[in-house]
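For reference, the chains in residue letters:
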Amino acid sequence: MSTVEKKIFGQELINQAESYVSNLNGSSIAHLKAQRDEALTQLKDAGFPGPKAEEYKFTKLTKAIEGKFDFANVKSVTQKPSEKMKEIARKHEGANVLFFVNGEFDQEHSKVVSPESEITIEPLNNRADATNLMSETNDAFAIQNKVFVNSGVVIEVKKSKVVSAPVICYYISVESGSNVGFVKNIYLAHENSQADFVHFHYSEGEGRTFCNETKNYIVKANANISLYKVQEESSNAIYVGNTNVSQERDSVFSSYVFTFDGDIVRNNLNISVNGEGVESNMYGLYLTKGKSHVDNHTTVDHTQPNTNSNELYKGIIDDESRAVFNGKIFVRQAAQKTNAFQSNGNILLSDKAVINTKPQLEIWADDVKCSHGCTTGQLDEEAIFYLRARGISLEKAKSMILLANASEVIEKIKLGWLKMEVTDKVVERLEV
């Protein structure tokens, strides 16, 4: 009986991964070798998402990068935007500021103002225990990250400490050296600790770039961690990120994602609720234009009783841009007394703008309060008429309504300076 050979998608990407590993010649981080070899085997067996892959049904990421980048010869950056980084560091006086250029941690321009009694920041290659802190996921691009990653940091928030200065990370994509970047950062928040992390993503120049990153958050008992993510990539930048969160009892983790630009932006947020009394908050705002494509995939897995999750994502989609929202909430049988809320709202400003939204609930427990829903539509004509009747121009009226819609997410920001900065970016985009 003849056998049908299994078709592996992304074969060129797999071949390049093999070439990259064989060319390392001992230059890789030694304690990541076993993980790298295992990940390469996984890619050979499973490949990358093809046209029928459910999780990438509306985002053809494999097609977008295959043949466009040279992954076999990923090189260090030859010319960094040093003056720009110095300017940024001065702007954030009094904060911890870390720089990553094409995935490489730049220790020279980074600065840490918080004492080591509160927080420590170490390069990934200094932590032999790093693999024990890494969350596993079957996402093909997370596996690709394991193959290529050779830089990153381990950030440890000390037990019972409040880090008063925010940790601000800049992820900069440039064409210099290689236009490809991989980074893996690990955030370990010990019991009763508290910290704010702010991540800015942007591209230097208009060249084609690719960034693949994995961030793992381990949130111990009664810790309170906030993650803010502001994405302003170029129209030629492709970004894929996996954020994996593990929460222990009575902890709070809040995620805020604001996406303004990028050719293709894929954000995967996976939260494992592993203790009672946990609170998980997920907020997102995406403003797309041109031919930009933004995809937010979220998963919250409630495995323990008496937990809460709140999720609110809103989108304003213009021109020929596309947006995707896929939110999953799992409530396991043991997770009684779970409260889970999920909402996705979208406004289409153009006949050619597209949104694909899919909120999902899977519940095995019987004593829970869960809801989910989505809305998609155009601007409210009655609201526009109301404003026009008071002497406000048509364009101004539209902008005011859109800003009010976006403000529902912006108001969730707890850092005053960041709330002002995000508001300014939204106002500029909406021309209020």
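Criteria and thresholds
- Residues numbered from 1 in each chain as written.
- Predicted model: local features only at pLDDT ≥ 70, side-chain atom pairs only at ≥ 80, totals over all residues.
- Heavy atoms only, no water.
- Salt bridge = Lys/Arg side-chain N within 4 Å of Asp/Glu carboxyl O.
- Helix = DSSP H or I, 4+ residues; strand = E, 2+ residues; numbered from the N terminus.
- Buried < 20%, exposed > 50% of the residue type's maximum accessible area, 1.4 Å probe, protein only.
- Expected span 1.5 Å × (residues − 1).
- Arc of directions from axis to C-beta.
- Contact = heavy atoms within 4.5 Å.
- Core = buried A, V, L, I, M, F, W, Y, C linked by side-chain atoms within 4.5 Å.
- Polar contact = N/O pair within 3.5 Å; in protein donor to acceptor, adjacent residues only side chain to side chain.

Counting across every chain of the model gives 22 salt bridges. With its nearest N and O atoms 2.7 Å apart, the salt bridge here joins Lys33 to Asp37. Of this pair, Lys33 and Asp37 both sit in helix H2 (residues 33–46), separated by four residues, roughly a single helical turn. Residue classification places Lys33 among the partly exposed positions, given a relative accessible area of 48%.

A few words now on the environment of Asn138. Structurally, the position occupied by Asn138 is in the loop between strand S3 (119–123) and helix H5 (140–148). The exposure class of Asn138 is exposed, given its relative accessible area of 71%. For the pair Asn138 and Ala46, spaced 92 residues apart in sequence, the C-alpha separation works out to 9.8 Å.

Compared with the 16 Å implied by 1.5 Å per residue over twelve residues, the 17 Å span of helix H1 (residues 11–22) between its first and last C-alpha is a close match. What H1 keeps buried is the set Leu13, Ile14, Gln16, Ala17, Tyr20 and Val21. Projected down its long axis, H1 carries its buried residues within an arc of 160°, all on one side. In this structure, the buried residues of H1 make contact with H2, helix H3 (61–65) and H5.

Of all hydrophobic cores here, the largest spans 43 residues; its most connected members are Ile155, Phe197 and Tyr217. Ranked by residue count, the leading element in this core is strand S12 (residues 264–273), at four residues. Setting aside anything within four residues of it in sequence, one finds Tyr217 in contact with Tyr187, Phe197, His199, Ile225, Leu227, Thr243, Asn244, Val245, Ser246 and Phe253. Counting residues in hydrophobic clusters, the runner-up holds 41 residues, among them Phe99, Ile172, Leu418 and Leu430.

Counting through the fold element by element, Asn185 comes out in strand S6 (residues 180–189). Within polar-contact distance, the side chain of Asn185 engages the side chain of Tyr171 at 2.8 Å. Side chain to side chain, Asn185 and Tyr187 meet in a polar contact 3.4 Å long. Excluding anything up to four places from it in sequence, Asn185 contacts Phe100, Gly152, Val153, Tyr171, Thr214, Lys215 and Asn216.

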